[in-house]
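Chain by chain, the residues:
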Amino acid sequence: MGLKIGITGGIGVGKSMATRIFKVLGIPTYDADREAKDIMFKSEAVRQALLKTFGKEVYLEDGQLNRAWLSKQVFSNAEELAKLNAIVHPAVIQDAEDWASAQTSLYSVKEAALLFESGSYKKLDFTILVTSPESVRIDRVMKRDQVTEEEVRRRMSKQMPESEKEKLADFIIHNDDDHSLIAQVMELHKRFFHS
């Protein structure tokens, strides 16, 4: 097992794009958000905990997670969101640990939107924060998700402030018109290879 690197950032900063560059360089990558969705479907322990906490509506008749229903329950209710996170985060953190332990490269990258909020950054060797100007982020998310500026701002307001994330991050990648995303990733790639 090599170095464990975490990459995070707020909505619309382009953390997935930065992660893709690491992947193109041959670095194993773990997408915590995607894996969380799989775990809510595949893990019997998580499934039972969700059913006990949220009721049978949490799953559709075909056994798939009822994402739309669950989103409505948790994203306007901090207490319900905390319950969901208490079930899912530990399972995803453990899955990521198991995945990282199985890697044979000099380093691997875990992408997670809630890297700092979940506390999972404490199990990593280094963390990278991807940042981007607010106006660019809003524009990206409006186009990507077909939502209003008000909706994007509402989502952003529920996330940990960038200033707090910057204090916790070991490295910062600026995803804007003034910096080359590829060049910044390459610089970190070289650094991690020689650590």
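**Student:** Is there a simple way to think about the overall build of the chain in this case?
**Tutor:** Each helix and strand counted, the chain has 9 helices and 5 strands in total. Ordered by position in the sequence, the α and β elements of the chain form the string β-α-β-α-α-α-α-β-β-α-α-α-β-α. Scaling as 2.2 N^0.38, a compact globule of 195 residues should have a C-alpha radius of gyration of about 16 Å, and the chain matches this with 17 Å. Projected onto its principal axes, the C-alpha positions of the chain cover 50 × 40 × 30 Å. Counting the 195 residues in the chain, one finds 42% classified as buried. Across the chain, contacts joining residues at least 24 apart in sequence account for 71% of those joining residues at least 6 apart. As presented, the chain carries roughly 10,900 Å² of accessible surface, and 52% of it is formed by carbon and sulfur atoms. Placing the 28 positive and 30 negative side-chain charges of the chain at their respective mean positions leaves the two points 2 Å apart.

**Student:** So what exactly am I meant to see when it comes to empty space enclosed by the protein here?
**Tutor:** It is a probe the size of a water molecule, rolled over the atoms, that shows where empty space is left. Applying the stated rule across the entire model yields 1 cavity of 30 Å³ or more. Volume-wise, the largest cavity comes out at about 100 Å³. Taken together, the elements giving at least two residues each to the lining of the largest cavity come down to strand S1 (3-8), helix H5 (78-102) and strand S3 (107-111). Looking at which element gives the most residues to the lining of the largest cavity, the answer is H5, with 5 residues. Across the lining of the largest cavity, the residue classes tally to 7 nonpolar, 2 polar and 4 charged.

**Student:** Just to check I follow, could you spell out the nonpolar core for this structure?
**Tutor:** Here is a general trend for soluble globular proteins: nonpolar side chains tend to be buried in one another's company. Counting residues in hydrophobic clusters, the biggest one holds 21 residues, and the most contacted among them are Met40, Leu50, Phe54, Leu70 and Leu84. Looking at this core, the elements that each hand over two or more residues are helix H2 (32-42), helix H3 (44-54), helix H4 (67-74) and H5. No other element matches H5, which puts 5 residues into this core. Those residues in contact with Leu50 that lie beyond four places of it in its chain are Met40, Gly55, Val58, Tyr59, Leu65, Leu84 and Ile87. Counting 18 residues, the second-largest nonpolar core is a separate cluster that includes Leu3, Ala18, Val185 and Phe192.

**Student:** Help me out: how do you make sense of unusual backbone geometry in this one?
**Tutor:** With the exception of glycine, the majority of residues adopt a negative phi angle, and the majority of peptide bonds are in the trans configuration. Backbone geometry places Gln146, a non-glycine residue, at a positive phi of 55 degrees. You can see Gln146 is positioned in the loop between helix H6 (134-145) and helix H7 (149-157).

**Student:** Just to check I follow, could you spell out the environment of Pro90 for this structure?
**Tutor:** Topologically, Pro90 is positioned in helix H5. The spacing of Pro90 and Val46 is 44 residues in sequence and 9.8 Å in space, taken between C-alpha atoms.

Conventions and cut-offs
- Residues numbered from 1 in each chain as written.
- Predicted model: local features only at pLDDT ≥ 70, side-chain atom pairs only at ≥ 80, totals over all residues.
- Heavy atoms only, no water.
- Helix = DSSP H or I, 4+ residues; strand = E, 2+ residues; numbered from the N terminus.
- Rg over C-alpha atoms; globule rule 2.2 N^0.38 Å.
- Buried < 20%, exposed > 50% of the residue type's maximum accessible area, 1.4 Å probe, protein only.
- Contact = heavy atoms within 4.5 Å.
- Areas by Shrake-Rupley, 256 points an atom, 1.4 Å probe, with all protein chains shown as cover.
- Lys, Arg positive; Asp, Glu negative; His and termini not counted.
- Charge placed at Lys NZ, Arg CZ, Asp CG, Glu CD.
- 1 Å grid on protein atoms, 1.4 Å probe; cavity = no way out; pocket = protein on both sides within 12 Å on 5 of 7 lines; lining within 4 Å.
- Points joined across faces, edges and corners; volume = space filled by probe spheres on them.
- Nonpolar A, V, L, I, M, F, W, Y, C, P; charged D, E, K, R; others polar.
- Core = buried A, V, L, I, M, F, W, Y, C linked by side-chain atoms within 4.5 Å.

Keep in mind these numbers describe shape, not what the thing actually does.
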